[in-house]
Amino acid sequence: MFEKAFRVKSNTVIKGSDRRKLKVDISTSFPSLSAEELSDLVPNKEELNVVKIYAHKGDAVTLYVLHKNPVFFELEKRIYPTVYTLWRYPHVLPAFTTWPPVIQKLAGGADLMLPGVVVPSGGLPEVKKGDCCAVKVVGNKAPVAVGTATMTTAEMRSLAMKGRGVSILHSYLDSLWAFGDKSGPPCIPDATEADAEEPYSKQMDALLLQCFLHALKSKVKKSELPLLTSTFLRIHMFSCCPNGKQLDIKKSSYKKLSKFLQSMQQEHRLVKVKELSKGVESIVEVDWKNREWVKTSSSSSIYLGSLCTCVSFCVVVLMKGTVLQPAEVRTIITDYVKRNELVDDTNKNYVIINPILCDCLLEKSEYQDVEALKWDDLFSRTLDKMQHCHQLVFPGLPPVVRKGPLEPIDITVASRGSNKKVTIIKNLEVYGLDPVAVSVALQHRVQASSALNPVPGSKDRVSVQIQGNQVQQVGKLLLDMYQIPRKYIQGLDNKVQKPGKKK
């Protein structure tokens, strides 16, 4: 509004009744101002001028000037503080944070766009559409602009911080500021954002690495090499940037793509970059088998990377020697998704697939097409990728965890000779049963001879063989004496097949 010079219509000293009304209006509009602060801005005895002006677009505006500095301005019966007031009392308005270079654009009449807003660790200020708010720069609580919110904070988040955030009415360096003493903003250290630039660069570094890894794993083909680094960034890395985030190398600690790729080449040995023509660099080689693919992922990603290589599941899940229930695995995955902000903003039923999830859960044919998965699909794919295992707990002994599904005790009846039957029992060792003891117990029960035979393909297992069809007796022994659950015994329903009559 004040990006160009305005025309002064009148300049008068405020009347007593108008002064009192002004104090009431300011107190109502800005309740965070204390009585002492309000008296400081609108003193009872000091001269306060009312200046009526026309902005360059014809808007009628009333200025309230104290000590030659405009402290408030009124537009369409609504009062706004100037930057001079906010420098003294920065707490008056909720403030959005941006970068110093944006100041010049705001002074030139630009509005504050959401991609230029720095989101502090404490989150965005809560505002409603039309609320008066301020704009400040990183590390300094002194506001540099005043305007109105174009939408609610919730809508800003839902739009993934895209679009116009604050409609700017007045800013530092504009003609309203120039109407005062033209002093600059004071340095008011912001304890919550003093180090905002460093964490932000680290966040951008992590995003840069994420897009780099995802692009190499899912976008770049060996046949495309050598590949111009500029093309790699523009075509591949930008397309791998998650929704709601903006990849900007200048805001990373590397500042330049060449420095980032140099780090990937020298420190991690993931790519090889050469200058094939003067001033033009290309990626000439990619080491897709490098173990650094997992190591160079952000620390928050390593946890899930471990899931794909170290976690097994069946009735229980084995993770780095720790036994977990399937529900606990779901909790781990849910925590990972939330910590990495992978929930789709537009549909909470979907999870955005980042490079780690892509490598763990997607087939190669899906790399180009699948960008998000439903929660249930995410869980089922994770479990499907894990190795089966089982856990057995014996009284007085520590739990035993073994890879693979739990094998049942197998009972079969086999023919020996023309009319002889034998019953064979396998996998007794899995349940902690001694085949010798089982063999002796069966001998006493059925008064028949028994033998122990090695199980083909197994080094430490033997089967118990006893004469006759003893399925019923074996079942009673296992169910009653050893109390093995029926669901873990296979073959209890076996029946002897009588040989057909010879014709």
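The protein chain is annotated in an unreviewed UniProt entry as Eukaryotic translation initiation factor 2D of Esox lucius. Looking at the Subcellular location (unreviewed entry) heading of the UniProt record, one finds this comment for the protein chain: "Cytoplasm". As its UniProt record puts it under Sequence similarities (unreviewed entry), the protein chain is described as follows: "Belongs to the eIF2D family."

Novice: Pulling in residues and values, what's your account of the pattern of salt bridges?
Specialist: All told, the structure shown has seven salt bridges when counted by the stated rule. Close ionic contact of Glu-407 with Arg-461 constitutes a salt bridge, the shortest N to O distance being 2.9 Å. In this pair, Glu-407 sits in the loop between strand S20 (400-403) and strand S21 (409-416) while Arg-461 sits in the loop between strand S23 (450-454) and strand S24 (462-467), placing the two residues 54 residues apart along the sequence.

Novice: So what's going on with the pairing of strand S10 (residues 164-171)? Which residues, and what values?
Specialist: Of all eight residues that make up S10, six are buried, and the element is covered over most of its length. In this sheet, S10 lies alongside strand S7 (residues 112-113) in antiparallel orientation, the contact comprising two bridges. Counterpart to Leu-112 in the pairing with S10 is Val-166. With five bridges connecting them, strand S9 (residues 145-149) and S10 associate as antiparallel partners. Paired with Val-146 across the bridge in S10 is His-170.

Novice: Residue-level account of the sheet that holds S21, with values.
Specialist: What the five strands build is an open sheet, ordered S23-S24-S22-S21-S25; its pairing is mixed. In the strand order of this sheet, the two ends are held by S23 and strand S25 (489-490), each with one partner. In terms of strand pairing, S21 meets strand S22 (residues 420-426) through seven bridges, oriented antiparallel. What sits directly across from Arg-416, in S22, is Lys-420. Of the strands in this sheet, S22, S23 and S24 touch helix H15 (residues 435-446), which is tilted by about 10° from S24. Relative to the sheet, helix H16 (residues 471-481) contacts S21, S22 and S25, its axis offset from that of S21 by approximately 160°.

Novice: Requested: an account of the pairing of strand S13 (residues 280-286), with residues and values cited.
Specialist: Inspection of the sheet shows strand S11 (residues 227-228) paired to S13 by two bridges, in the antiparallel sense. Looking at the pairing, Leu-228 lines up with Ser-282 of S13. Inspection of the sheet shows strand S12 (residues 271-277) paired to S13 by six bridges, in the antiparallel sense. When the bridges of S13 are listed, Val-273 appears paired with Ile-283. Here S12 hands over to S13 after two residues, with Gly-279 in that stretch at a positive phi of 80°.

Definitions and limits used
Counting starts from 1 at the beginning of each chain's written sequence and moves along it residue by residue. Under the rules for a predicted model, residues below a pLDDT of 70 receive no local features and side-chain atom pairs below 80 are neither given nor counted, while totals for whole chains, interfaces and linings still include all residues. Side-chain numbers here rest on the full set of heavy atoms in the structure, without hydrogens or water. UniProt positions are given in the numbering used here, feature names are shortened, and annotations may be inferred rather than shown by experiment. Here a salt bridge means any side-chain nitrogen of Lys or Arg lying within 4 Å of a carboxyl oxygen belonging to Asp or Glu. Only runs of H or I of at least four residues qualify as helices and only runs of E of at least two qualify as strands under DSSP, and these elements are numbered from the N terminus. Each residue gets one of three labels from its accessible area relative to the maximum for its type: buried under 20%, exposed over 50%, partly exposed in between, using a 1.4 Å probe on protein chains only. A pair of strands is considered paired only if DSSP assigns at least 2 bridges between the two. Contacts were defined at the residue level, with two residues in contact if any of their heavy atoms lie within 4.5 Å. Angular values range over 0 to 180 degrees, each being the angle between N-to-C directions of two axes fitted as lines to C-alpha atoms, with helices fitted over their stretch in contact.

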